Amino acid sequence: MTWVQYKKLHPHGSVVGNVRVKRNVGRRGMEREIVVYLPPSYSAVKSAHYPVMYLHDGQNVFDATTAYAGEWGADEAAEKLAAKRGLECVIVAVPNAGIKRLDEYGPWREDTVRLPGLEGGAGGRAHEYLDFLLEDVKPLIDQSFRVLTDAGHTGIAGSSMGGLISLWSALEAPDVFGWAGCFSPALWVGKGNIFKYVQSHIAPDTRIYIDCGTLEGGSSRDSKAYLGDSRRMKDLLTAQSCYDLVYLE
C-alpha cells in the first residue's frame, strides 16, 4: 500500500493538516502503521527539505480516536508553530507494540516487572526496536518524503518509556539522531542502568531536552522517581560538558 491521506483510512480521526499513513511497515513480526505529518509549505514549495522528528507511542501523537492515554496534539502544535514562527518539520509517529511496549522501549531486561501479560518481566528488546527504526522506518521516510537526512536535522522523542528509549537511542546511534526529546522519562526502568550507560556512551554535540513535572504521576515510589531521576540525569549530562542540554522542571 502506498502513502494515503490519513482521513481516508480514519475518517473519524481528529488529525489536522497534511497527514499521511502507510500500513504494514517493517519486518515480519514488527509491522505497524506509520503516520507522517507534513508541514504546511510541503506541497507548495517543492524544493524545500525539512527536519524530521520520530515520535514513539504513535497512537497518541495525532489522533484522539486512537490514543490510549490522551492525544498529544502534535499536529495542532506544529500547525501553530508554522503559522506563528515559521518553524516547520516532518513528524513521524511510530506506534508502540501494545503489550510488548515495555520490551521494545526497555534497553535492559527487568525480571521484576509484574503487569498483565508481562508476568515474566519486561525490557531488553530495545536493540531490535532501534534496528526497526534504522533499517525499516527511516529509509522509508528518507525515500518517500523530502526530509533532511543528516543527524543534525533528525531527532527522536517520546514520553515516559518513550523518553527512556529516546535518550538511549540518541546515544546509541548519534550518527543518525542528533537530538532527543525526553518527556517525563522513566529512567528507573531497567534497574537504572541508563545512568551507567550515559557515562560510558558519550555523544558530543547531541542536543538533549528533558522535562519533568514536580507532581509527576502521583505518590507511588515509581512516580516519585520521575523527578529525582530526571534531576540526576541532568546533573550527569551537565557534568560531561559536551551536550546542548535543555532541562525544564
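Residues numbered from 1 in each chain as written. Predicted model: local features only at pLDDT ≥ 70, side-chain atom pairs only at ≥ 80, totals over all residues. Heavy atoms only, no water.

(A) Broad picture of the pattern of salt bridges. Counted according to the given criterion, the structure contains 10 salt bridges. Of the charged contacts in the structure, one is a salt bridge between aspartate 136 and arginine 27, with a shortest N-O distance of 2.8 Å. In this pair, aspartate 136 sits in helix H4 (residues 126-144) while arginine 27 sits in the loop between strand S2 (18-25) and strand S3 (32-38), placing the two residues 109 residues apart along the sequence. For aspartate 57, the salt bridge identified is with arginine 101, shortest N-O distance 2.7 Å. Placement of aspartate 57 in the loop between strand S4 (52-55) and helix H2 (74-85) and of arginine 101 in helix H3 (residues 101-105) is noted, with a sequence separation of 44 residues between them. When sorted by exposure, aspartate 57 lands in the same class as arginine 101, which is buried. (Salt bridge = Lys/Arg side-chain N within 4 Å of Asp/Glu carboxyl O. Helix = DSSP H or I, 4+ residues; strand = E, 2+ residues; numbered from the N terminus. Buried < 20%, exposed > 50% of the residue type's maximum accessible area, 1.4 Å probe, protein only.)

(B) H2, seen in detail. Across its 12 residues, H2 extends 16 Å between first and last C-alpha, which sits within 8% of the 16 Å expected from 1.5 Å per residue. Looking at the packing, one finds that the buried side of H2 touches S3, S4 and strand S5 (90-93). Of the residues one or two after H2, glycine 86 is the one with positive phi, at around 70°. (Expected span 1.5 Å × (residues − 1). Contact = heavy atoms within 4.5 Å.)

(C) Main features of the packing of H4 against helix H5 (residues 161-172). Contact pair H4 / H5: the axes reach a minimum separation of 11 Å and the direction vectors enclose 70°. Taken together, the axes of H4 and H5 are roughly perpendicular relative to one another. As H4 packs across H5, the resulting crossing turns out to be right-handed. Each of Ala126, His127, Tyr129 and Leu130 in H4 lies in contact with H5, whose residues at this interface are Ile165, Trp168, Ser169 and Glu172. (Axes fitted to C-alpha atoms, helices over the stretch in contact; angles between N-to-C directions. Parallel < 35°, antiparallel > 145°, perpendicular 65-115°, else oblique. Left-handed = near helix turned anticlockwise from the far one by under 90°.)

(D) Summary view of the packing of aromatic side chains. Evaluated as defined, the whole model comprises 12 aromatic pairs. Measuring from ring centre to ring centre gives 6.4 Å for tyrosine 37 and phenylalanine 62, while their planes differ by 35°; the resulting arrangement is tilted. Of this pair, tyrosine 37 sits in strand S3 while phenylalanine 62 is found in the loop between S4 and H2, placing the two residues 25 residues apart along the sequence. When the ring of tyrosine 42 is compared with that of phenylalanine 145, the centres are 6.5 Å apart and the planes differ by 65°; the resulting orientation is edge-to-face. With tyrosine 42 in the loop between S3 and S4 and phenylalanine 145 in the loop between H4 and strand S6 (154-159), this residue pair connects regions lying 103 residues apart in the sequence. (Phe/Tyr/Trp six-rings, centres within 6.5 Å; stacked < 30°, edge-to-face > 60°.)

(E) Molecular detail of the nonpolar core. Within the largest apolar cluster, 60 residues are counted, with the highest numbers of intra-cluster contacts made by Val36, Val92, Val137, Ile141, Leu167, Ile194 and Met233. The greatest single-element share of this core, amounting to 8 residues, is contributed by H4. Discounting chain neighbours no more than four positions away, the residues touching methionine 233 are Leu167, Leu187, Ile194, Phe195, Val198 and Ile210. (Core = buried A, V, L, I, M, F, W, Y, C linked by side-chain atoms within 4.5 Å.)

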